[in-house]
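# Architecture at a glance
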Amino acid sequence: MTRQLRRDDYTVGWVCALSVELAAAQETLDEEHDTPPSDAHAHDTNIYTCGRIGEHNVVIACLPEVHTGTNSAAAVAVQMKMSFPSTRFGLMVGIGGGVPSEEADIRLGDVVISKPHNVHGGVVQYDSGKATPSGFERTGLLNTPPIVLLNAVANLRAKHMRGRGRLAEYLSKLDSLPDFTREAAGPDALFNAAYEHKKGAATCKECDLSYLANREPRRHELVVHYGTIASGNQVMRSAVERDRVSAELGGVLCFEVEAAGLMNSFPCLVIRGICDYADSHKNKQWQPYAAATAAACAKEVLSVIPPAEVAKTHTVEEATGGRDV
């Protein structure tokens, strides 16, 4: 029999964009609860999954089918913070397109966690700005994650350096879902940036393997990276454009299409599993496993946060002053 708690008992808000991400999130719960009834007068179109991860009560919401993007993410988060007023912070968890470089050996299935770097607060909206005589000028700054989450990231990094991380343990919980395993994902193929995917082909079976990037074997199959995430309303599908935008922003680790809608209205940490390389070769084969690695990493982040620290943190509503956008 499942439990039903009060809405005020939930302190962590988890937002995802796709059903494959929602399934991974639900599978990481240690306990699933009945969703508490809503205020009859509240206008909330979200459907929530409630549960517990470790010592934290978590509420999960997914964007409507086919309604991805920054605006849709913002709408879901705003309704969540109104319906669950004790929420202290959010996690935006799901898949993204990686940006491999000499500085960051990013592979499919790796995880990227947003972290303030240089002038960016962890997430930058790369398609927001204005045209000027000297070119496109990006405008608007996005907030950094709350201090309780930044402390958790520092703690998590230290655990991984000492070989005491629990990511593999949490990821193994999804082994019961065959589609979400590493074995189901297939080969990890990175093509040179200038080589375009064969038009109309569903997979890379017809692509010329002589254009594969030469990469050294890596000691660890799964690596967590920390740095800037580029967010926008259009999916990045060009490796040349990917590398150009990344260089302009001082080096980003991945591209995605929701997080910029949350940062200023729903203080959160963004966690992305890498399912493609943000290029023309992208397909959906790696999405389930990447969603699983991101969800397992989010669970590990929560595992290092003491409930007492969450209790001392301002609610989302208090931290944003009621801002909805």
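Computed from a prediction, not measured in an experiment: that's the story for all the values here.

The next subject is the overall build of the chain. Helices and strands together make up the secondary structure of the chain, namely nine helices and 13 strands. Against the 2.2 N^0.38 benchmark of 20 Å for 325 residues, the chain shows a C-alpha radius of gyration of 19 Å, consistent with a compact globule. If you line up the chain on its principal axes, its C-alpha atoms span 60 × 50 × 40 Å. In the chain, buried positions account for 51% of the 325 residues. Put simply, of all contacts in the chain between residues at least 6 apart along the chain, 79% involve residues at least 24 apart. If you sum the accessible surface of the chain, you get close to 15400 Å²; carbon and sulfur atoms cover 51% of it. On the chain, the mean spot of the 32 positive side-chain charges and the mean spot of the 40 negative ones are 4 Å from each other.

Ranked by size, the top nonpolar core spans 83 residues in total, and within it W14, L91, I113, I271 and I305 carry the most contacts. Among the elements that line this core, the one with the most residues is helix α7 (residues 287-303), at 11 residues. Those residues in contact with L91 that sit more than four places away from it in its chain are V12, G13, W14, V15, L149, C268, L269, A298 and L302. Counting 10 residues, the second-largest nonpolar core is a separate cluster that includes V99, M236, V245 and F255.

Strand β13 (residues 268-276) sits mainly inside the fold: nine of its nine residues count as buried. By the bridge criterion, eight bridges tie strand β5 (residues 89-98) to β13 in an arrangement that is parallel. Of the residues in β13, the one forming a bridge with I95 is G273. In this structure, strand β6 (residues 111-114) lies alongside β13, joined through three bridges in antiparallel fashion. Residue pairing in the sheet places I113 in a bridge with I271 of β13.

Moving on, we get to the pairing of β5. For β5, a buried count of 10 out of 10 residues is recorded, marking the element as mostly surrounded by other parts of the structure. Relative to β5, strand β1 (residues 12-16) runs parallel, the two sharing four bridges. Looking at the pairing, V12 lines up with F89 of β5. When β5 meets strand β12 (residues 254-256), the two strands line up antiparallel, connected through two bridges. In the sheet register, G97 faces β12, and the bridge partner there is F255.

Contact geometry of helix α3 (residues 147-161) with α7 gives a least axis separation of 9 Å together with a crossing angle of 105°. Regarding the angle of α3 to α7, the classification is roughly perpendicular. Residue-level contacts link A152, L156 and H160 of α3 to C297, E300 and V301 of α7. Of the residues contributing to the contact of α3 with α7, the split by class is four nonpolar, one polar and one charged.

The next thing to look at is α7. For α7, built from 17 residues, the straight-helix expectation of 24 Å at 1.5 Å per residue is met to within 8% by its first-to-last C-alpha distance of 24 Å. Taken across its 17 residues, α7 has 16 buried, putting it largely inside the fold.

For the structure shown, the criterion picks out six aromatic pairs. Ring centres of W286 and Y289 lie 6.0 Å apart, and the angle between their planes is 70°; on these two criteria the pair is classed as edge-to-face. One exposure class covers both W286 and Y289, and it is buried. Ring pairs connect the aromatic residues Y10, Y48 and F84, which therefore count as one cluster.

Moving on: the side chain of E256. Locating E256 in the fold gives a position in strand β12. For E256, a relative accessible area of 5% corresponds to the buried category. Separated by 2.5 Å, the side chains of E256 and S231 make a polar contact. Here E256 is in contact with I95, I229, A230, S231, G232, V270 and R272, once residues within four sequence places are set aside.

A few words now on the UniProt feature "domain: C2H2-type" (unreviewed entry) in the chain. In this structure's numbering, the residues bearing the UniProt feature "domain: C2H2-type" (unreviewed entry) are residues 204-225. Note that residues 204-225 is 0% helix and 9% strand, and that its end C-alpha atoms are spaced 27 Å apart.

With that settled, the discussion passes to α3. Taking 1.5 Å per residue, 15 residues should reach 21 Å; α3 reaches 21 Å between its end C-alpha atoms and fits that length. When α3 is considered as a whole, its buried residues turn out to be V148, L149, A152, V153 and L156. An end-on view of α3 places all buried positions within 140° of arc, on one side of the element. Facing away from the buried side of α3 by more than 90 degrees, the exposed set consists of I147 and M161. For α3, the secondary structure elements touched by its buried residues are β5, β6, β10 (224-227), β13, α7 and α8 (307-311).

How each quantity is defined
Residues numbered from 1 in each chain as written. Predicted model: local features only at pLDDT ≥ 70, side-chain atom pairs only at ≥ 80, totals over all residues. Heavy atoms only, no water. Helix = DSSP H or I, 4+ residues; strand = E, 2+ residues; numbered from the N terminus. Rg over C-alpha atoms; globule rule 2.2 N^0.38 Å. Buried < 20%, exposed > 50% of the residue type's maximum accessible area, 1.4 Å probe, protein only. Contact = heavy atoms within 4.5 Å. Areas by Shrake-Rupley, 256 points an atom, 1.4 Å probe, with all protein chains shown as cover. Lys, Arg positive; Asp, Glu negative; His and termini not counted. Charge placed at Lys NZ, Arg CZ, Asp CG, Glu CD. Core = buried A, V, L, I, M, F, W, Y, C linked by side-chain atoms within 4.5 Å. Pairing = 2+ DSSP bridges. Axes fitted to C-alpha atoms, helices over the stretch in contact; angles between N-to-C directions. Parallel < 35°, antiparallel > 145°, perpendicular 65-115°, else oblique. Nonpolar A, V, L, I, M, F, W, Y, C, P; charged D, E, K, R; others polar. Expected span 1.5 Å × (residues − 1). Phe/Tyr/Trp six-rings, centres within 6.5 Å; stacked < 30°, edge-to-face > 60°. Polar contact = N/O pair within 3.5 Å; in protein donor to acceptor, adjacent residues only side chain to side chain. UniProt positions renumbered as here; feature names shortened; annotations may be inferred. Arc of directions from axis to C-beta.

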